[in-house]
Amino acid sequence: MVKTLRNLLFVCLALFIVGNVSGQEVQIELGPDQLGLNETFTIKATLSNDKIKSYDQFPEIPGFQKQGISQSSSMNIINGQMSSTNSIIQYYKPTRKGKFTLPSFEMEINGASFSSPGKTITVDDPVSSQSSGGNVFDPFADFFGRTAEEPEYIELEDDAFFAVSVDKEEIFAGEGVTVNIAFYMSDQNQAPFTWYEPGKQLDAILKKIKPANAWEENFNITNIEPSVVEINGKKWNKYKVYEATFFPFSEGKIEIPRVPWEMIKYRVAKNPSFFGSNRQEDFKTFYSSAKTITVKPLPPHPLKNEVAVGVYQLRENISTLEVETGKGFNYNFGISGVGNINAIQEPRKISQANLNTFAPNVQQQINRGYGRVSGIKEFSYFITLNEAGEYPLEDYFNWIYFDPVRAVYDTLRPEGKILVTGESKVNQALSGQRLGGIYDRIATENNQFLNERYKYYFTAAINLLLIGAVVLLAVLIIRKK
C-alpha cells in the first residue's frame with residue numbers, strides 16, 4: 001500500500017513538472033524585413049502561461065538605435081480553460097538607409113535560454129503615415145478576441161533644469177567658494193524622470209570643474225534627496241548631487257565650463273490602457289551654464305603668504321587665574337569661525353624670560369553644512385612662570401589673520417591675566433635647564449691645574465730648529481757658487 005502511494009505521488013509530480021514546462025513557451029518574433037526610415041523595428045519575446053520575471057538585454061542592431069521597451073499581457077478563457085501571454089518589446093529606430101543584418105542571438109528569459117536566427121533588414125525612404133501601419137509590430141495580441149492597436153507615445157513638456165552654482169563670483173585668495181551641482185524640477189512638472197548613472201556622470205563632471213590649485217572640503221553627499229527651494233517666487237524640488245567648498249591658494253580665475261547631465265525621461269502613452277506599458281523610456285540631456293570666479297590677491301602685509309583667511313573669533317580657556325611661581329597651569333587658545341580650518345597655524349609666541357612653555361597639543365573639529373565650512377582649532381599649552389607679578393597673556397600670544405568680509409588684517413589677542421605669587425624661581429629654572437655642549441663634561445673631567453711651562457720649552461726648540469735650517473741652507477748656497 002505504501003509503495004503504491006509513493007508511485008502515485010511520483011507520477012503526479014512528474015505530470016506537474018511536464019505540464020509546467022510545456023506550458024511555458026517562449027516565442028521571439030522579429031519585425032518586418034523592410035521598413036521606412038521613419039518607421040520602427042521591433043523584437044518581441046512572448047511567454048505563455050507565466051510572468052516575465054527576468055530577461056537579458058536585447059541585441060544591438062547595426063544602423064539602428066534602441067528607443068525603449070514596453071510590456072504587454074493578455075488573458076483568454078475558452079471552454080473554461082484559461083491561458084495567458086506576457087510580452088516584452090524592444091523598439092529600434094533606424095539611423096540611415098541601407099541593408100543591415102541582425103545576427104543570430106540568444107536571450108535568457110526567466111533563467112532559460114532561447115535563440116533567434118536573426119534576419120536582414122532593408123531601410124528605405126520614409127513612408128507616408130497611410131502606408132506605415134503595417135510595418136509596426138502590434139505589441140498587444142488578442143485580448144478577449146479583440147485586436148488592440150500599438151500605443152502611441154507622446155513627450156510631455158518638462159519644467160526642469162540642471163545647474164552648477166557658486167555662492168560667490170569674486171573672492172580673496174584663501175577664501176572659500178561653495179560649489180553646488182543639482183537637478184531642479186518645479187512643483188508643476190508633469191514629465192516623468194529617472195536618474196541615469198549619476199555616479200558615473202558626476203565623476204566626469206568633477207574632472208572638468210575642479211580647480212587644480214585649491215583645497216577641497218567635500219560635503220560627501222551619499223543620498224540624492226529632494227529639498228524645496230524658492231527661485232524668483234517659484235517653488236522647485238532641488239536634487240543635490242554634489243557640494244563642496246574650495247579654498248584657492250593663489251589669485252587668478254577659476255573657470256567652470258558648461259557641462260551636460262543626462263536623465264531618463266519617459267514618453268507616456270497617449271491612450272493609456274489597463275494592460276501593457278503606458279510609458280516608453282527615452283533620454284534627455286540638460287546643460288549647465290558656465291561660471292567664472294575671480295580670485296583677488298590679499299592686500300600687502302609682511303605675513304600675507306602665511307596668514308589664514310576667514311571670519312574667526314578667539315575662545316580661550318585657563319585652568320586657573322592665580323598660580324605660585326614655578327607651578328604650571330593649562331592654557332587653551334582656541335580659534336573658531338568660518339574658513340579653512342585646516343590652514344590655521346599655531347599662534348605667534350612672544351619670547352619672555354619669565355614664561356616657560358612647550359609645543360602645544362592640537363585638536364580641530366570641522367563642520368560642513370548650510371553651504372559653508374566652519375569649525376574650531378585648539379592649541380593647548382602648559383605654562384610656568386618664575387617671577388611673582390601680574391601677567392597679561394596678550395603680551396605672550398597673538399594670532400594674525402585676514403577677514404575677507406571687512407577686507408582687513410586683524411589680530412586675536414588673549415584677554416586673560418595671570419596673578420603669580422611666591423618667591424623667585426629664576427635661578428632654579430636656570431639650574432634645571434640642560435646647558436649642553438662643554439657643560440655636559442664638567443662632572444667627568446679632572447679639575448686639577450695643569451703645568452703649562454712645557455709650552456715655553458716647546459716653542460724655544462721649534463725656533464732653534466728653524467734657525468738651524470736657515471743657516472744650513474745659506475752654507476749650501478755659498479758652496480755651490
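Residues numbered from 1 in each chain as written. Predicted model: local features only at pLDDT ≥ 70, side-chain atom pairs only at ≥ 80, totals over all residues. Heavy atoms only, no water.

Trainee: Sorry if this is basic, but what is going on with a nonpolar patch on the surface here?
Mentor: Residues F458, I462, L465 and L466 make up a contiguous nonpolar surface patch of roughly 440 Å² in combined accessible area. Relative to the elements of secondary structure, L466 occurs in helix 4 (residues 454–480). (Patch = residues over 30% accessible without salt bridge, like charges linked within 9 Å, V, L, I, M, F, W, Y side chains within 5 Å. Areas by Shrake-Rupley, 256 points an atom, 1.4 Å probe, with all protein chains shown as cover. Salt bridge = Lys/Arg side-chain N within 4 Å of Asp/Glu carboxyl O. Helix = DSSP H or I, 4+ residues; strand = E, 2+ residues; numbered from the N terminus.)

Trainee: Could you clarify how one ought to interpret the sheet that holds strand 2 (residues 34–36) in this entry?
Mentor: Backbone hydrogen bonds are what pair the strands of a sheet, in a parallel or an antiparallel way. Pairing in this open sheet of three strands is mixed, and the strands run 2-9-6 from one edge to the other. The open sheet is flanked by strand 2 and strand 6 (98–102), the only strands paired with a single partner. In this sheet, adjacent strand axes meet at a mean angle of 30° when their direction is disregarded. Two elements, strand 2 and strand 9 (residues 119–124), share three bridges in a ladder whose sense is parallel. In the strand pairing of strand 9, L35 is matched with V123. (Pairing = 2+ DSSP bridges. Axes fitted to C-alpha atoms, helices over the stretch in contact; angles between N-to-C directions.)

Trainee: It is not clear to me how the sheet that holds strand 32 (residues 417–421) should be interpreted in this structure. Could you clarify?
Mentor: Strand order in this open sheet of three strands is 23-32-29, and the pairing throughout is mixed. Each of the sheet's edge strands pairs with one partner strand only, and the pair in question is strand 23 (322–324) and strand 29 (389–392). Averaged over all pairs of adjacent strands, the angle between their axes in this sheet comes to 30°, without regard to strand direction. For strand 23 and strand 32, the ladder comprises three bridges, and the chain directions are parallel. Considered in strand 32, the bridge of E322 is made with L419.

Trainee: Explain the pattern of salt bridges here, please?
Mentor: Any two side chains of opposite charge can pair, on the condition that their charged atoms come close. The tally for this structure, following the rule as stated, stands at 16 salt bridges. Among the ionic pairs, D33 bridges to K119, the shortest N-O distance being 2.4 Å. Linking D33 in the loop between strand 1 (26–30) and strand 2 with K119 in strand 9, this pair joins segments that are 86 residues apart in sequence. Look at D33 and you get partly exposed, because its relative accessible area is 46%. Across the pair E155 and K265 runs a salt bridge, and its minimum N-O distance is 3.0 Å. Here K265 lies in strand 19 (residues 260–269) and E155 lies in the loop between strand 10 (153–154) and strand 11 (160–166), a separation of 110 residues in the sequence. Taking relative accessible area as the criterion, K265 reaches 4% and is therefore assigned buried. Three or more residues are tied together by salt bridges with common partners; here these are E155, D158, K265 and K284. (Buried < 20%, exposed > 50% of the residue type's maximum accessible area, 1.4 Å probe, protein only.)

Trainee: Explain unusual backbone geometry to me, please; I cannot follow it from the model alone.
Mentor: A negative phi angle characterises most non-glycine residues, just as the trans form characterises most peptide bonds. Unusually for a residue other than glycine, E197 sits at a positive phi of about 45°. Owing to a relative accessible area of 38%, E197 belongs among the partly exposed residues under this scheme. Positive phi, normally seen in glycine, also occurs at A407, with a value near 55°. Given a relative accessible area of 36%, A407 falls into the partly exposed group.

Trainee: Looking at this structure, I do not really get the pairing of strand 3 (residues 41–48). What am I missing?
Mentor: Looking along a regular strand, one sees the side chains alternate between the two faces of the sheet. Within strand 3, eight of the eight residues are buried, which leaves the element mostly enclosed by the surrounding structure. Alternating residues of strand 3 divide into F41, I43, A45 and L47 and T42, K44, T46 and S48, and every residue in both groups is buried. Sheet topology note: the strand 1/strand 3 ladder contains five bridges and is antiparallel. Each bridged residue has a counterpart across the sheet, and for I28 the counterpart in strand 3 is A45.

Trainee: Is there a simple way to explain the environment of Y242 in this structure?
Mentor: Here Y242 is to be found in strand 17 (residues 234–248). When neighbours within four sequence positions are excluded, Y242 is seen to be in contact with V179, N180, I181, L202, L206, K210, E216, N218 and I221. A distance of 2.7 Å separates polar atoms of two side chains, one belonging to Y242 and the other to E216. (Contact = heavy atoms within 4.5 Å. Polar contact = N/O pair within 3.5 Å; in protein donor to acceptor, adjacent residues only side chain to side chain.)

Trainee: Please explain the nonpolar core as it appears in this structure.
Mentor: It is characteristic of soluble globular proteins that their nonpolar side chains tend to be buried jointly. F162, I181, F183, I209 and Y242 are the most contacted members of the largest nonpolar core, which has 31 residues in total. Listing elements by their share of this core, those giving two or more residues are strand 11, strand 13 (177–186), helix 2 (198–209), strand 17, strand 18 (252–256), strand 19 and strand 21 (291–296). Beyond its immediate sequence surroundings of up to four residues, I181 is in contact with F162, A163, V164, L202, I205, L206, I209, Y239, K240, V241 and Y242. One finds I341, I344, V373 and I418 within the second-largest nonpolar core, a separate group that totals 28 residues. (Core = buried A, V, L, I, M, F, W, Y, C linked by side-chain atoms within 4.5 Å.)

Trainee: I would appreciate a short explanation of the packing of aromatic side chains in the present structure.
Mentor: For any two aromatic rings, the description comes down to two numbers: the centre-to-centre distance and the angle of the planes. Taken as a whole and judged by the stated rule, the model has 22 aromatic pairs. Here the aromatic rings of Y391 and Y396 are separated by 6.2 Å at their centres, their planes lie at 45°, and the arrangement is tilted. Among the residues examined, Y396 registers a relative accessible area of 7% and is labelled buried. By way of ring pairs, the aromatic residues F162, F183, F193, W195, Y239, W261 and F286 are connected into one cluster. For R258, the ring lying beneath its charged end belongs to Y287, and the centroid distance is 4.1 Å. (Phe/Tyr/Trp six-rings, centres within 6.5 Å; stacked < 30°, edge-to-face > 60°. Lys NZ or Arg CZ within 6 Å of the ring centre and 35° of its normal.)

Trainee: Just to check I follow, could you spell out the environment of L412 for this structure?
Mentor: Mapped onto the elements of the fold, L412 is located in strand 31 (residues 408–412). Residue classification places L412 among the buried residues on the basis of a relative accessible area of 10%. A sequence separation of 99 residues divides L412 from Q313, and the C-alpha atoms of the two residues are 7.2 Å apart. In contact with L412, other than residues within four places in its own chain, are Y312, Q313, L314, F333, I335, N398, W399 and Y401.

By themselves, these are just geometric observations and shouldn't be taken as functional.
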